[in-house]
Amino acid sequence: MSAKRISAIASRYHAPLALCLLLVAGLCFRVMYARTISLHVDEFISLLAIRGVLQHGYPLLPSGTLYEQALLFSYLEALPLSVFGLSAAVGRALSVAFSLGTIALVYCIGRQLFSRNVGLIAAALMAFSPESIAWGARVRMYALLQLLVLLVVWFVWRGGNESNGARYRWVAVLCYLGALFTHPVSVLLFAPLLLGLTLLRGVRGMLKPAMIPELLVPLGGILATLLLKAVGQPGQLEALAESRPYLAPSLNVSEGLRPIAPFFLGTERIPLTILAALGMVLVAWLVVSRRSKPGIGLEQRGLRAPLFLYAILGATVLEVVFLVGPTWRDVRYLFMVEPLLFLTASWTALFVLTWAWRKLRSTMSGGLRDRLSERRVALLATTLLVVAACLLFLPAAQATLARQEWGYDLAFEYLGEQWREGDVVLTIVPYACQLYVPQCDYYVSGKAYEEYVFDNNGVLIDRWIGAPLLSSASQLESVLKESPRTWLVIDGWRLAARFDLDFIRTVAEQMDVVYEGQGVRVLLAEGRRLVAEPETGRAVEANFGDQVELARYELSGDELLPGSDLHLTLYWKALQPMNKEYTVFVHLRGSDGSTISQDDYPPLKNLYPTYYWSEGEIVPDPRVLPVPREVVPGWYRLEVGLYGSSDEQRLPVVDDDGAEVGDFVVLDYVWVGEKKAIKPAHQIGANLDGKVQLLGDDGVPASTTEGQALHLSLYWQALAEMIEDYTVFVHLVDDEGRAVAQHDGQPLRGFYPTSSWDIGEIVRDELDLTVGSSVPAGEYELVAGMYLVGTGERLPVVDEAGQVIGDTVSLGEASIE
């Protein structure tokens, strides 16, 4: 076969072959998504509506309301599901078919409006578009909506250009009605489509009487959708008008563009946005530059098609920016016009390359110019642009396949296996629960629930399954009291965003996480726990890295028996918004450095991570530390701090000057074990400045030898709260009062400073006074007292009248042999 023949075959069949390859690639991506990614939360609603169609003939939800939002989609999905049964896999398969149809249709429209090369490039973008992959593999109406909108655009184009255009326009009207009954956001397309049709037919053509019914029928469809919502979902339109209205005109450009910026400025979309914007400039320049040539119309200039697409795309974007409410300024609602962006960007890319090639070709010699025909160059340029389009979206497409949805399907599958008669189930997504568990008892939501509930004989119930609303901690407490087993299924974001801290704290105190996967937790409470009331607590105001402050704490008690639990509540205050998750550590440590109990976990059992905290917010953080049964009786220290959950780097504790003073704070001291009455063998009763009393000791050894130690036990009692940490000194002095041996240190070898002593508390402080070998034999006196290390100032010893009588207390005499 000759090279010329091969070239002719390639030129003739390359487009259909390339389109088939793109369809196969698109199919693979969508099937992989459908098989590996959990259901989007809205897919459960679609499945409920489809089940309503199968059971009642129309999308009746268990609550008795009508799911009117995706009427056409629900009926189309019900067809295969009536054969194969209610299955998310089958439902997703139909969306895959809609999405593949859109890829093929984009090619057809690109071919008719421009060329098959433009159609191929746009089809490649559609095949690999991450949004198209995701919505094209979900049991949701968006893939069907996109297909219907594209059909509307195509038939409007044909209805504005061809001689028998009325027939095509009526097909466009039918497709638009289908779009309206697929998703109400298609209302936004009415004005842009009128603008595009006006560009094709002119104002006179639009004013012809024959156009009146073609315009009235879509308007009637819009009114019908509103009426259907008002009847099928009573009160929801009013609730939406208050919470997130459909219309909220605004001239604030930045506020309108910010929510939809990812549609144009996502990493992979920037080149397309630049190309589309360049194409708009080119069209405007070509129109203006050739205005002086009245014999050349838009058709001859090749501008009719891009003007038509730009009019629809641009007008729709302007409506979203300036007309709709903030909630509806969402990328998903521009998804329906995504193919128009791809078509205009593809046309611009090929237009620019063709123009550049013609400029270059004009400088070539005749032989080279003949060998490099424009058709061959166009084929090469199209191939390169198709490959570039695939590579542009490939990383984002792969990321889409790796990004899981909330795992509600997995969570409810687990709950369905564990559920038994008498259990009470609470969830913020009751429409998902209904598909897996025999019953869902409560819809839980503390905020922003108004549009999702309605009044049923004085009780607020959700619009999906009719479960009563549970919105407060007190209601949760009541359910826990009455139910032997209560389940809560919720994801972390909704728990943090939809509830107040009282509710989250109650969940943390009363329920345990028994399952967690893909961001969704299943929590279980077996009855209602009695929470220990705090017996003690105080302000701390410890600053951790200028990020968060430990404001105060509460303890269930400072005396524990082995085998019991220590209940602690920390109160954190966010000093600034935090974009990092921190773990709180609470360690109960002995004087020997051993840790007998610890709790390292994010605040509130990780139900309210630190990255959700707002500046100035006080977050309660209840903790329970179990004390081992086998433990040495004594004082134990509570240490608290924070570290990064990902890097385990501790936040430093800083003082008022910003200097680091450690990486944890000591909250309090807890006595573990039976606390027997502490009484010195030798009574002294010396009062040190009304702050502390040296009750006595267990006696002074009568003698010791050089190089040996005198073992002493001193008994101190706090008379007042001490904010300073005093150092205990014991000196062995001669007849002239000179110290020949000494011990200076904070009580319990520095483990239990005086600032932590409670008023009335008795502390037994054991210490060893080593006598050096250079100390002469003889009789010496032992004296004790307290002083501040920073100043060296001793606490004065006072009598009963408060008069200073010295700064040391005599413990007795000792002989050095």
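Remember, it's a predicted structure, so these values are computed and weren't measured experimentally.

## Here's the deal with the overall build of the protein
Tallying secondary structure elements over the protein gives 25 helices and 30 strands in all. The C-alpha atoms of the protein give 39 Å as radius of gyration, which overshoots the globular expectation for 817 residues (28 Å, by more than 25%). Summarising its shape, the C-alpha atoms of the protein cover approximately 125 × 75 × 55 Å along the three principal directions. For the protein, buried positions account for 51% of its 817 residues. If you sum the accessible surface of the protein, you get close to 36,600 Å²; carbon and sulfur atoms cover 56% of it. Averaged over its 65 positive side-chain charges, the protein has a centre that lies 28 Å from the centre of its 88 negative ones.

## What to know about the environment of arginine 269
Relative to the assigned elements, arginine 269 resides in the loop between α13 (261-265) and α14 (270-289). Overall, the relative accessible area of 0% leaves arginine 269 in the buried class. Counting along the chain gives 123 residues from arginine 269 to leucine 392, while the straight-line C-alpha distance between them is 8.4 Å. Residue contacts for arginine 269: discarding those within four places in its chain leaves Ser129, Glu131, Pro262, Phe263, Phe264, Glu338, Leu341, Phe342 and Phe393.

## Some thoughts on the state of the cysteines
With the rule as written, the count across this model stands at 0 disulfides. The cysteine cysteine 28 is free of any disulfide, with cysteine 390 supplying the nearest cysteine sulfur at 13 Å. According to the relative accessible area criterion, cysteine 28 is partly exposed, its value standing at 40%.

## Let's talk about the nonpolar core
Tyr408, Phe544, Leu570 and Trp572 are the most contacted members of the largest nonpolar core, which totals 205 residues. The dominant element in this core, judged by the number of residues it contributes, is helix α7 (residues 142-161), at 14 residues.

## A word on the confidence of the model for the protein
Counting all residues, the mean pLDDT for the protein is 90, and 94% of those residues have values of 70 or more. Within the model, the stretch residues 294-298 combines pLDDT values under 50 with 5 contacts to residues more than four positions away or in other chains.

## Comments concerning a nonpolar patch on the surface
A cluster of nonpolar side chains, Ile212, Leu216 and Leu219, forms an exposed patch at the surface whose accessible area comes to about 280 Å². Following the sequence through the fold, isoleucine 212 ends up in helix α10 (residues 211-232).

## What to know about the packing of aromatic side chains
What describes a pair of aromatic rings is the distance from one ring centre to the other and the angle between the planes of the rings. Overall, the coordinates contain 29 aromatic pairs when judged by the stated rule. Look at tryptophan 154 and phenylalanine 155: their rings are 5.9 Å apart centre to centre, the planes differ by 25°, and that puts the pair in the stacked class. Note on accessibility: tryptophan 154 and phenylalanine 155 belong to one class, buried. Between tyrosine 452 and tryptophan 464 the ring centres are 5.4 Å apart and the planes differ by 25°, which places this aromatic pair in the stacked class. Here tryptophan 464 lies in the loop between β4 (459-462) and β5 (469-470) and tyrosine 452 lies in the loop between β2 (442-444) and β3 (453-456), a separation of 12 residues in the sequence. Taken individually, tyrosine 452 and tryptophan 464 each receive the classification buried, so the pair is uniform in this respect. Ring-pair connections join several aromatic residues into one group, and the members of that group are Trp635, Tyr669, Trp671, Phe751, Tyr752 and Trp757.

## Considerations on the pattern of salt bridges
Within this structure, the stated rule accounts for 30 salt bridges. A salt bridge links aspartate 689 to lysine 691; the nearest nitrogen and oxygen atoms lie 3.1 Å apart. On the basis of relative accessibility, which here comes to 34%, the residue aspartate 689 falls in the partly exposed class. Across the pair aspartate 734 and arginine 738 runs a salt bridge whose closest N-O atoms are separated by 3.2 Å. Assessed through its relative accessible area of 17%, aspartate 734 is described here as buried. Shared partners join several salt bridges into a network, and the residues in it are Glu131, Arg269 and Glu338.

## A look at the packing of α7 against helix α16 (residues 304-322)
Look at α7 against α16: their axes get within 12 Å of each other, and the N-to-C directions meet at 135°. If you check the angle between α7 and α16, you find them oblique. Judged by the sense of rotation from one axis to the other, the crossing of α7 with α16 is right-handed. Contact residues: Val153, Val156, Trp157, Gly160 and Asn161 in α7; Arg304, Ala305, Phe308, Leu309 and Ile312 in α16.

## What to know about the sheet that holds strand β8 (residues 520-525)
Read from one edge to the other, the open sheet built from 6 strands follows the order β5-β2-β1-β6-β8-β7, with strand pairing classed as mixed. A single partner strand is all that each edge strand has here, and the edge strands are β5 and β7 (512-517). Bridge analysis of β2 against β5 gives 2 bridges, and the strand direction is parallel. Within β5, the position partnered with valine 444 by the bridge is leucine 470. Against the sheet, helix α21 (residues 408-418) engages β1 (424-427), β6 (486-491), β7 and β8, with an angle of about 170° to β6. Contacts from helix α25 (residues 501-510) reach β5, β6, β7 and β8, with the element oriented near 65° to β8.

## With respect to the side chain of threonine 344
Note that threonine 344 resides in helix α18 (residues 338-361). For threonine 344, a relative accessible area of 1% corresponds to the buried category. Discounting residues that sit within four places of it in the chain, threonine 344 has contacts with Ala276, Leu309, Tyr310 and Leu313.

## A word on the environment of asparagine 687
Relative to the assigned elements, asparagine 687 resides in strand β20 (residues 682-688). Looking at asparagine 687, the relative accessible area reads 23%, which means it is partly exposed. Along the backbone, asparagine 687 and tryptophan 170 are 517 residues apart, and their C-alpha atoms lie at a distance of 103 Å. Those residues within four positions of asparagine 687 in sequence are excluded, and the remaining contacts are Val692, Leu719, Pro796, Val797 and Val798. A polar contact is formed between the side chain of asparagine 687 and the backbone nitrogen of glycine 690, at a distance of 2.7 Å.

## Some points on the environment of cysteine 440
Locating cysteine 440 in the fold gives a position in the loop between α22 (430-433) and β2. Separated by 16 residues in the primary sequence, cysteine 440 and valine 424 have C-alpha atoms spaced 7.4 Å apart. Filtering out sequence-adjacent residues up to four positions away, cysteine 440 remains in contact with Val425, Thr427, Pro430, Cys433, Ile465 and Ala467.

## Points about α10
Counted at 1.5 Å a residue, the expected span for α10 with its 22 residues is 32 Å, and the 32 Å between its end C-alpha atoms agrees. Residues Met211, Glu214, Pro218, Gly221, Ile222, Thr225, Lys229 and Gly232 constitute the buried set of α10. Taken end-on, α10 shows its buried residues confined to a sector of 135°, consistent with a single buried face. Turned more than 90 degrees off the buried face of α10, the exposed positions are Leu216, Leu223, Leu227 and Val231.

Cut-off values and rules
- Residues numbered from 1 in each chain as written.
- Predicted model: local features only at pLDDT ≥ 70, side-chain atom pairs only at ≥ 80, totals over all residues.
- Heavy atoms only, no water.
- Helix = DSSP H or I, 4+ residues; strand = E, 2+ residues; numbered from the N terminus.
- Rg over C-alpha atoms; globule rule 2.2 N^0.38 Å.
- Buried < 20%, exposed > 50% of the residue type's maximum accessible area, 1.4 Å probe, protein only.
- Areas by Shrake-Rupley, 256 points an atom, 1.4 Å probe, with all protein chains shown as cover.
- Lys, Arg positive; Asp, Glu negative; His and termini not counted.
- Charge placed at Lys NZ, Arg CZ, Asp CG, Glu CD.
- Contact = heavy atoms within 4.5 Å.
- Disulfide = S-S within 2.5 Å.
- Core = buried A, V, L, I, M, F, W, Y, C linked by side-chain atoms within 4.5 Å.
- pLDDT = per-residue confidence, 0-100.
- Patch = residues over 30% accessible without salt bridge, like charges linked within 9 Å, V, L, I, M, F, W, Y side chains within 5 Å.
- Salt bridge = Lys/Arg side-chain N within 4 Å of Asp/Glu carboxyl O.
- Phe/Tyr/Trp six-rings, centres within 6.5 Å; stacked < 30°, edge-to-face > 60°.
- Axes fitted to C-alpha atoms, helices over the stretch in contact; angles between N-to-C directions.
- Parallel < 35°, antiparallel > 145°, perpendicular 65-115°, else oblique.
- Left-handed = near helix turned anticlockwise from the far one by under 90°.
- Pairing = 2+ DSSP bridges.
- Polar contact = N/O pair within 3.5 Å; in protein donor to acceptor, adjacent residues only side chain to side chain.
- Expected span 1.5 Å × (residues − 1).
- Arc of directions from axis to C-beta.

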